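Here is how the chains run, residue by residue.
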Amino acid sequence: MFPELNNLLNISPDRAEQGKLTLLCDAKTDGSFLVHHFLSFYLRANCKVCFLALVQSFSHYNIVGQKLGVSLTVARERGQLVFLEGLKSSMDVFFQAHKEPHPLQFLREVNAGNLQPLFEFVREALKPVDNREPAWRCPVLLVDDLSLLLSLGVGAVAVLDFVHYCRATVCCEFKGNVVALVHDSGDGEDEENDILLNGLSHQSHLILRTEGLSTGFCRDVHGQLKILWRRPSQPTAQRDRSLIYQYKIQDKNVSFFAKGMSPAVL
Amino acid sequence: MAAEATCGAGAGSTGSLAAAVGMSNVTSFQRRGPRVGGADSGGPRLMSIAGTRPSVRNGQLLVSTGLPALDQLLGGGLAVGTVLLIEEDKYNTYSPLLFKYFLAEGIINGHTVLVASAKEDPAVILQELPAPLLDDSRKQELDEDIYNHKTPESNSKMKIAWRYQLLPKMEAGPVSSSRFGHYYDASKRIPQELIEASKWHGFFLPEKISSTLKEEPGSLTPGYIKLLQFIQNIIYEEGFDGSNPQKKQKNILRIGIQSLGSPLWGDDIFCTENCDNSHSLTKFLYILRGLLRTSLSVCIITMPTHLTQNKAVIARVTNLSDTVVGLESFIGSERETNPLYKDYHGLIHIRQIPRLNNLICDESDVKDLAFKLKRKLFTIE
């Protein structure tokens, strides 16, 4: 969790909003630090988190999580975190013939496109339980990342349907949040990815877009973050605020500063 | 030659630094080891594998690419459990060299080597590996190494080593203290005895695929399915997944896959504009990544990415690999005659460096460098 980012977004673990879809998007850079931010943020906020981690192994997320002050192992044991490790499960699905439906069942299918098992998994994980267990605040679905599903042969429309179902269930029914990362290929070559990105941009309440610097690699500025709120109820003066910040990723933190105001320059 | 010496010395000093840090931080490394789980489940015993060292930054176990200058650019080396993707140069002149350096480094360190190709017989590829450049002290270390590993064969090894005494000293100073990464002599072949002594597996697609013509009801190209099953078999049978730790000395599996995605693999991803099974390659990479992350193995893939104009495929493939290095040779391009590049043979682009257990990655300051192939050495400047 990066306090500076919380300040920019005007949120804190004590008062997390509910029913929102947050889209994380990265172009020509790596936006995974945002995933780590929201993972540690919601774990701190005492939310029940379902994390579809398709890109890296559990140990990677765990070690980074520890640097940010949360332990995924403990959270998983307490039942706060439901972790789907895509890399490991994909091997199980691929090498062993399963009879029972697996969340990543689509890997085996010739015409992949059925994300229903994955949705059932999410729904089962975030379903409100009886009052015996410690009550977590709101359920949160976190996906890293949706573009990978396209690479695994799922169509863009199927992914959009999946997100829509998740939004209907998690955001509306359970009063929770959905956070998803999508890569932006940038130049419009990857049509499916563009469909996905545009579709999601249309649905989401908050878009965090990271971009690499157009001028190339820089030692002190790693990229810029664009924050876009899509809340029509706000007065226009506030809505039209230009929110572009540059950031530098450090070992355990990310520092944000206004454009061109890097401490290294001043 | 001076440039090589400094470059080599640089690599050497970082190597010894890493070793020193590793020593002083032994406790923290041990503490972290078991928690890392999966790929790093070996804990402190990992320190004993030849040709590896822990990363200074994130405690990952690193192996050399076989080109110390490249190791340096990639933040010390390749982390075990990751994929290095080499984008082939246009006429495929220089990428096989990097491929062979990687394999030769494995042979020298006694790693198990797995070569997969659809074009050349793996046995032939192994015969053509370049010979390492060793100096006296390194040669002794190598001898000791082999002596420790396999006593009965040490006699023949001694003989090989004797031969190198006649070689002029190529590197001086601290390089000899670091056994991590060697330079290779591209003009000489690796000694036959070393290959015979090493453990290797070959996957030659025409041999594997001809016997079984029936297609399995999967979504992958048959060649990819076969290769994945082959790799999985070896990982499980030889214990690279760390399932039975007491069985024997842990070792690294080096996997080399040549020209993945080329038409010879039965994949039309680089041939047609809109192909039906365009997800074969990306799925293969994903499952391969899963295999690697749960085992003590490291993989190099060369891919003819210049064959396609479809940037979407390249972007997806890049996202699915850990380290990506692009080669661009000057052969046939207008840069060949550009006086700026007259000393070099091509450019090397570092396109992606993985972020492992970390928010940031070891990025070097420059991402585009020139390389040249001297009579013996491949140098990056």
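Residues numbered from 1 in each chain as written. Chains lettered and ligands numbered in written order. Predicted model: local features only at pLDDT ≥ 70, side-chain atom pairs only at ≥ 80, totals over all residues. Heavy atoms only, no water.

Draft legend 1. Highlighting the packing of aromatic side chains. Scanning the entire structure with this criterion turns up 16 aromatic pairs over all chains. Judged by centre distance (4.8 Å) and plane angle (40 degrees), the rings of Phe33(A) and Tyr247(A) are tilted. Pair noted here: Phe33(A) is in helix α2 (residues 32–44) and Tyr247(A) is in strand β8 (residues 244–249), with a separation of 214 residues, a long-range link. Residues Phe33(A) and Tyr247(A) agree in their burial class; the two are buried. On the numbers, 6.2 Å between centres and 5 degrees between planes, the contact of Phe203(B) with Trp265(B) is stacked. In this pair, Phe203(B) is assigned in strand β8 (residues 200–204) and Trp265(B) in the loop between β9 (253–257) and α11 (280–293), connecting sequence segments 62 residues apart. Here Phe203(B) matches Trp265(B) in class, with each residue buried. Taken together, the aromatic side chains of Phe203(B), Tyr224(B), Phe230(B), Trp265(B) and Phe284(B) make up a single cluster linked through ring pairs. One cation-aromatic arrangement involves Arg76(A) over Phe58(A); the distance from NZ or CZ to the ring centre is 4.0 Å. (Phe/Tyr/Trp six-rings, centres within 6.5 Å; stacked < 30°, edge-to-face > 60°. Helix = DSSP H or I, 4+ residues; strand = E, 2+ residues; numbered from the N terminus. Buried < 20%, exposed > 50% of the residue type's maximum accessible area, 1.4 Å probe, protein only. Lys NZ or Arg CZ within 6 Å of the ring centre and 35° of its normal.)

Draft legend 2. Geometry of the pairing of strand β1 (residues 21–27) of chain A. All names here are of chain A. Of all seven residues making up β1, seven are buried, and the element is well covered by its neighbours. In β1, alternate side chains face the same way, and those of Leu 21, Leu 23, Cys 25 and Ala 27 on one face and Thr 22, Leu 24 and Asp 26 on the other are all buried. Sheet topology places β1 next to strand β5 (residues 177–184); seven bridges connect them, and they run parallel. Along β5, the bridge assignment pairs Leu 23 with Ala 180. As paired elements, β1 and strand β6 (residues 206–211) share six bridges and run parallel to each other. Considered in β6, the bridge of Leu 24 is made with Leu 208. (Pairing = 2+ DSSP bridges.)

Draft legend 3. Representation of the sheet that holds strand β1 (residues 52–54) of chain B within the structure. Residues and elements named next belong to chain B. Taken together, three strands build an open sheet; the order of strands is β1-β2-β3 and the sheet is antiparallel. Each end of this open sheet is capped by a strand with a single partner; those strands are β1 and β3 (78–79). Sheet topology note: the strand β2 (residues 61–63)/β3 ladder contains two bridges and is antiparallel. Bridging across to β3, Leu 62 finds its partner in Ala 79.

Draft legend 4. Examining the interface of chain A and chain B more closely. At the interface, 46 residues of chain A touch 38 residues of chain B. For the pair chain A and chain B, the two sides together bury roughly 3,700 Å², of which 60% comes from carbon and sulfur. It is Met91(A), Phe95(A) and Phe217(A) in chain A that bury the most area against chain B; as a group they hold 16% of the surface buried on that side. Here chain A is connected to chain B by three salt bridges. For Asp190(A), the salt bridge goes to Arg316(B), with nearest N and O atoms at 3.0 Å. Between chain A and chain B we count nine residue pairs in polar contact (both at pLDDT 80 or more) in total. Looking at the side of chain A that touches chain B, the elements that each hand over two or more residues are α2, α3 (58–67), α5 (86–95), α7 (146–151) and α9 (191–203) of chain A. (Contact = heavy atoms within 4.5 Å. Buried area = accessible area lost by both parts, 1.4 Å probe. Salt bridge = Lys/Arg side-chain N within 4 Å of Asp/Glu carboxyl O. Polar contact = N/O pair within 3.5 Å; in protein donor to acceptor, adjacent residues only side chain to side chain.)

Draft legend 5. Geometry of a nonpolar patch on the surface. A grouping of Met261(A), Val265(A) and Leu266(A) is seen on the molecular surface, where their side chains present a nonpolar patch of about 340 Å² in accessible area. Its place among the elements puts Leu266(A) in the segment after β9 (254–258). (Patch = residues over 30% accessible without salt bridge, like charges linked within 9 Å, V, L, I, M, F, W, Y side chains within 5 Å. Areas by Shrake-Rupley, 256 points an atom, 1.4 Å probe, with all protein chains shown as cover.)

Draft legend 6. View of the packing of α5(A) against helix α10 (residues 222–237) of chain B. Where α5(A) contacts α10(B), the two axes come as close as 12 Å, and the packing angle between them is 110 degrees. As judged from the angle between their axes, α5(A) and α10(B) are roughly perpendicular. Within the contact between the two elements, α5(A) uses Met91(A), Phe94(A) and Phe95(A) and α10(B) uses Ile225(B), Leu228(B), Gln229(B), Gln232(B) and Tyr236(B). A breakdown of the residues in the contact of α5(A) with α10(B) according to their chemical character gives six nonpolar, two polar and no charged. (Axes fitted to C-alpha atoms, helices over the stretch in contact; angles between N-to-C directions. Parallel < 35°, antiparallel > 145°, perpendicular 65-115°, else oblique. Nonpolar A, V, L, I, M, F, W, Y, C, P; charged D, E, K, R; others polar.)

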